[in-house]
Amino acid sequence: MFFKRLSILACAAGCLVAASCTDSLNQVGNSILPETDKITAFIDTFKVEASTVKYDSLYARTNSGFVGEFYDPYYGRLKADFIGQFYCEDEFTFADTPHEGKIDSVALYIMYSDWDGNPYVPMQMTIYPVVKELDKNFYSNVDPTQYCDMQNPVASLGYSPQSGALDTTYGYNIWTQKIPLPLEFGQKFYDETVNNPASFKDQEAFNRFFPGLYVTTDYGSGNMIYVIGTQIVINYHIVLQDTEGVDSIAGRYEEFNIRKDVIQLNRLESSHDEHLLEPNDEYTFQKTPAGIFTKLVIPNKQIREIVQGRILNYVSFNLKYMPVEEYQYAMTLPPYLLLIHEDSLTTFFENRSLENSVTSYVSTVSTSSTGAYIGYDESTRTYQFPNMVNMLNYYLINYPDEDLRLLAIPVSRTIATDSYSGTTYSTAISHYLAPSGLKLRKNEHFTDLVIVSSYLNR
């Protein structure tokens, strides 16, 4: 730790004081202070310790996800897949009776909005049956062998991301991979509605009849698709007869979707990244969706000794990142970083919390070169946390004898804009589950915490 101390007259210090919304003096103004009163202001700089840590699982409750395998020469291997239940309306029946009680075909549709990696690398997607009801355990280290029959796959499909059918009718791109399923798979659904309609009484009964499917890849490495929808479609036809007794055929279908009403377990694997966890004097690392974060230790005990008796006016902290690697299909940057206490990792995401600028902070919103909102400044290559006064005050008051141990976590963030003030705010925060890699500088002064504080002399 080192610190610089400045003592200045009230008329000069007023600019520093006015910068803080937490300072009670900034509403008064220096013009009404007696001539004998002076404000002493201080700028203290403290070194924040930074290291790389890894957690074995992430909370990943979502009805979207990733499928595929991806290898980055620097950050290592990633693999993602998912196990999902399918939604069924209560008291479901087929809208019409299939001709002669037979269905025509059944298929699984995987819809995705984007991908990471090489879109031309051939992959193979394989579908396995779920044979045991899923638990509501939304952590990413789920073991599919505990739920699935891994010896008897339902179907498989060779594909590449670019080979999917493209649909632009919604104003954005959606690709779809169609995986034909065995005819008896769909026939079983219709026969059950006839022979045992109680299986479709409600979602719980349906889950017992059909626990779900496991979607994974077992061949190829080079890309991951971002799945936004998964759907089973059962096709059949009926015979219609007009008033003159002439028959015609009409097609019908029934569909079952993975949606937020049911369970989807997202599985994530990370390997070949042990070197990121080795002691490093220059950098810390982030890797998603691998649970590799940067841990920060703010020296609260030391800070308390220095700033005791003062008002904290401003606390500035930035994280400087290195440019992304230059090779093709290199990992991109995570859009935002969240700062939370390491003990809050589980509860924050399970409770679907938002940042409160007291015990949690999200990096400042910027606008990217493409006009999109991002949580870092491209011109200075920094994730910025401009005023952490509330957080520091909270932990100095409530935990005065403990250093503050934070995690910097890559997150996805849904934001809205206040129409009156123009400020942005979060409406949802979750772990960032797309492949990304981030190298943060920790040497020299790149993890300095700068505190502006003051007190009034009388």
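It should be noted that the structure appears before, not after, this text.
Quick caveat, the model's predicted, so the values are computed rather than measured.

**Q** Tell me about the overall build of the protein chain, residues and numbers included.
**A** Scanning the protein chain from N- to C-terminus turns up six helices and 26 strands. Oriented by its inertia axes, the alpha-carbon framework of the protein chain measures out at about 105 × 50 × 40 Å. Across the 458 residues in the protein chain, those meeting the buried criterion constitute 50%. A separation threshold of at least 6 residues defines the contact pool for the protein chain, and within that pool the share at least 24 residues apart is 80%. Of the roughly 22100 Å² of accessible surface on the protein chain, 48% is carried by carbon and sulfur atoms.

**Q** I'd like a description of the packing of aromatic side chains, backed by residues and values.
**A** Any aromatic ring pair is given by two values, namely how distant the centres are and how the planes are angled relative to each other. Throughout the structure, instances matching the rule amount to 38 aromatic pairs. A centroid spacing of 5.5 Å and a plane angle of 55° characterise the contact between Phe200 and Phe209, whose relative ring orientation is tilted. Pair check on accessibility: Phe200 and Phe209 agree, each one buried. Taken together, a centroid distance of 6.2 Å and an interplanar angle of 55° make the contact between Phe206 and Phe209 tilted. One end of the pair is Phe206 and the other is Phe209, both in helix H3 (residues 203-209) and three residues apart, which spans about a single turn.

**Q** Residues and numbers for the nonpolar core, please.
**A** Within soluble globular proteins, side chains that are nonpolar generally end up buried alongside one another. Counting residues in hydrophobic clusters, the biggest one holds 44 residues, and the most contacted among them are Ile83, Tyr147, Leu265, Phe349 and Ile409. Counting only elements with at least two residues in this core, the list comes to strand E4 (65-72), strand E5 (76-84), strand E14 (264-271), strand E15 (283-288), strand E16 (292-298), strand E18 (336-341), helix H5 (345-350) and strand E23 (404-417). Non-local contacts of Leu265, meaning those with residues more than four positions away in its chain, are made with Asp81, Phe82, Ile83, Leu134, Asp135, Asn137, Phe138, Val142 and Tyr147.

**Q** A description of the pattern of salt bridges should follow, citing residues and the corresponding values.
**A** Summed over the entire model, instances satisfying the criterion amount to 15 salt bridges. Notably, a salt bridge pairs Arg77 with Glu69, separated by 3.1 Å at the nearest N-O pair. With relative accessibility at 17%, the residue Arg77 sits in the buried group. Two residues, Arg77 and Glu269, come together in a salt bridge whose shortest N-O distance is 3.2 Å. Highlighted residues: Arg77 in strand E5 and Glu269 in strand E14, separated in sequence by 192 residues. According to the relative accessible area criterion, Glu269 is partly exposed, its value standing at 28%.

**Q** Describe the environment of Gln302, with residues and values.
**A** As for its placement among the helices and strands, Gln302 is situated in helix H4 (residues 300-307). Residue classification places Gln302 among the partly exposed positions, given a relative accessible area of 30%. Along the chain, Gln302 and Glu402 lie 100 residues apart, while their C-alpha atoms are 9.8 Å from each other.

**Q** An account of the packing of H4 against helix H6 (residues 389-398) is requested, with residue identities and associated values reported.
**A** With their axes 10 Å apart at the nearest point, H4 and H6 run at an angle of 95° to one another. Taken together, the axis directions place H4 and H6 in an arrangement best described as roughly perpendicular. In contact with Asn300, Ile303, Arg304 and Val307 of H4, H6 contributes Leu392, Tyr395 and Leu396. Here the residues of the contact of H4 with H6 are counted per class, giving five nonpolar, one polar and one charged.

**Q** Talk me through helix H2 (residues 183-195); I want residue IDs and the actual numbers.
**A** Owing to its 3.6 residues per turn, the α-helix brings residues three or four apart onto one side. Here H2 contains 13 residues, and its C-alpha end-to-end distance of 18 Å stays within 8% of the 18 Å for a straight helix at 1.5 Å per residue. By the burial criterion, the buried members of H2 are Phe185, Gly186, Gln187, Phe189, Tyr190, Glu192 and Thr193. Looking at the buried residues of H2, the elements they touch are strand E6 (105-117), strand E10 (174-181), H3, strand E11 (213-219), strand E12 (223-241) and strand E13 (247-257).

**Q** How would you summarise the side chain of Asn223 if you had to cite specific residues and measurements?
**A** Following the sequence through the fold, Asn223 ends up in strand E12. Within polar-contact distance, the side chain of Asn223 engages the backbone oxygen of Val121 at 3.4 Å.

Calculation notes
- Every chain's residues receive numbers from 1 upward, in the order its sequence appears when written.
- For this predicted model, a pLDDT threshold of at least 70 governs which residues receive local features, and a threshold of 80 or more governs which side-chain atom pairs are given and counted, while totals over whole chains, interfaces and linings are taken from all residues.
- Only hydrogens and water are removed before side-chain values are computed, so all heavy atoms of the structure are retained for them.
- The numbering of helices and of strands both runs from the N terminus, where a helix is a DSSP run of H or I of at least 4 residues and a strand a run of E of at least 2.
- Under the scheme applied here, a residue whose accessible area is under 20% of the maximum for its type counts as buried, over 50% as exposed, and between as partly exposed, the area being computed with a 1.4 Å probe on protein chains only.
- Should any heavy atoms of two residues lie within 4.5 Å, those residues are considered in contact.
- Computed with the Shrake-Rupley method and a 1.4 Å probe, the accessible areas treat only the protein chains shown as cover for residues.
- Aromatic rings from Phe, Tyr and Trp, with only the six-membered ring used for Trp, were paired whenever their centres fell within 6.5 Å, and each pair was classed as stacked if the ring planes differed by under 30 degrees, edge-to-face if by over 60, and tilted otherwise.
- The set of buried Ala, Val, Leu, Ile, Met, Phe, Trp, Tyr and Cys residues whose side-chain atoms join them within 4.5 Å is what this entry labels a nonpolar core.
- Put simply, a salt bridge is a Lys or Arg side-chain nitrogen that is within 4 Å of an Asp or Glu carboxyl oxygen.
- Axis definition: a line fitted to C-alpha atoms, limited for helices to the stretch in contact. Angles are taken between N-to-C directions and run from 0 to 180 degrees.
- In what follows, roughly perpendicular refers to angles from 65 to 115 degrees, roughly parallel to angles under 35, roughly antiparallel to angles over 145, and oblique to any angle outside these ranges.
- Gly is placed with the polar residues, together with every amino acid not listed as nonpolar (Ala, Val, Leu, Ile, Met, Phe, Trp, Tyr, Cys and Pro) or charged (Asp, Glu, Lys and Arg).
- Take the number of residues in a helix, subtract one, and multiply by 1.5 Å to get its expected span.
- Any pair of N or O atoms that falls within 3.5 Å is considered a polar contact. Within protein, one atom must be able to donate a hydrogen and the other to accept it, and sequence-neighbouring residues count only if both atoms are side-chain atoms.

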